[in-house]
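Breakdown of the fold
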Amino acid sequence: MKKKFPVLSFIFLTGIVMFCFACGSLMTKDPLYMDLAHCNEAPGKEFLFGTDTMGRDIFSMISYGGRISLTIGILATLLSTILAVLAGSVSGCASARIDGFLMGLTELFLSVPGLLLTVFLQAVFGRANVYSLSVVIGLTGWMSMAKVVRTEVLQLKHTDYVLAAKCLGGGFFHVLFRHLAPNFFPSVLFIAVMNVRNAIVAESTLSFMGLGLPVEEVSWGSILSLSKNALLSHSWWIIVIPGVFLVGTLLCLTNLGNYMRGNANRRHSNLGCRKYD
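Because the structure is predicted, anything quoted here is derived from the model rather than measured.

Conventions adopted
Residues numbered from 1 in each chain as written. Predicted model: local features only at pLDDT ≥ 70, side-chain atom pairs only at ≥ 80, totals over all residues. Heavy atoms only, no water. Axes fitted to C-alpha atoms, helices over the stretch in contact; angles between N-to-C directions. Helix = DSSP H or I, 4+ residues; strand = E, 2+ residues; numbered from the N terminus. Parallel < 35°, antiparallel > 145°, perpendicular 65-115°, else oblique. Contact = heavy atoms within 4.5 Å. Nonpolar A, V, L, I, M, F, W, Y, C, P; charged D, E, K, R; others polar. Left-handed = near helix turned anticlockwise from the far one by under 90°. Buried < 20%, exposed > 50% of the residue type's maximum accessible area, 1.4 Å probe, protein only.

Helix packing for two helices is described by the angle between their axes and how far apart those axes are. Closest axis-to-axis distance for the helix α8 (residues 160-167)/helix α9 (residues 172-208) pair is 10 Å, and the angle between their directions is 175°. Comparing the axis directions of α8 and α9 gives the class roughly antiparallel. Of α9, the residues touching α8 (which contributes Tyr161, Val162, Ala165 and Lys166) are Val175, His179, Leu180 and Asn183. In terms of residue class, the contact of α8 with α9 is made up of five nonpolar, two polar and one charged.

Right under this line is the structure:
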């Protein structure tokens, strides 16, 4: 059964992305300015979403911080996708010994809890910033995609056009980018979308634990890290409003990823039917 395209999720996600990346023209206040005269102020005319415990405007913080969180999610996903494509393709095309080594290494990384591995790598990198977090999260998110890429390459490497390209002298990267990647990319696209979601969750979790971006850097995770003080001061808007943006973004990415996964599964089903026609 064909799944319907999640139109509402796409529209909502597009709106959030536009809201975040147009923050320069939308922000009503400086998101980093601490107005101590208006700490924990409820939503109103001057502060649309209220202020946090340090007097910063939450509306501006969500817009500016969303850009930081989405940037980390996209950069981390790009890195993890590159690593997964290279590792999976080499494993699928190499000899049994190299294939076994690479897949064993992948299983080893998968056996370690992702959050623990992320915290360890971040400790190695030192003080967190947007780029170090992107690298750390990207280095811990490639394993599942690599296994899918390997499976696809094992199915594609014996096809006539791949064998013909090799016979004509095509190198590994020529075959990969010209013949293999265009065929397996639709199957891993949903994993890439889910990796964006996972990277945003990882950044938010690290910031919530105090291991992410420093307090002077604004992201959705760093905003939610103030939840303890917000609960003590009964400032619900510091938790609820940023939480709605974060959860809404994650749900939209999940719906889009599930739609892409359904399309990929249907594509494989159709190919299998043609094979035995």
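As a further point, take the packing of helix α3 (residues 58-93) against helix α6 (residues 130-139). In the contact formed by α3 and α6, the axes pass within 8 Å of each other and the chain directions differ by 40°. Taken together, the axes of α3 and α6 lie oblique to each other. The hand of the α3/α6 crossing is right-handed. Contacts between α3 and α6 pair Ile68, Thr71, Ile72, Leu75, Ala76, Leu79, Ser80 and Leu83 from the former with Val130, Tyr131, Leu133, Ser134, Val135, Ile137, Gly138 and Leu139 from the latter. For the contact of α3 with α6, the class distribution of residues is 12 nonpolar, four polar and no charged.

Positive phi is not limited to glycine here, since Asn40 has a value of about 55°. Residue position: Asn40 is located in the loop between α2 (23-26) and α3. Judged by its relative accessible area of 27%, Asn40 is partly exposed.

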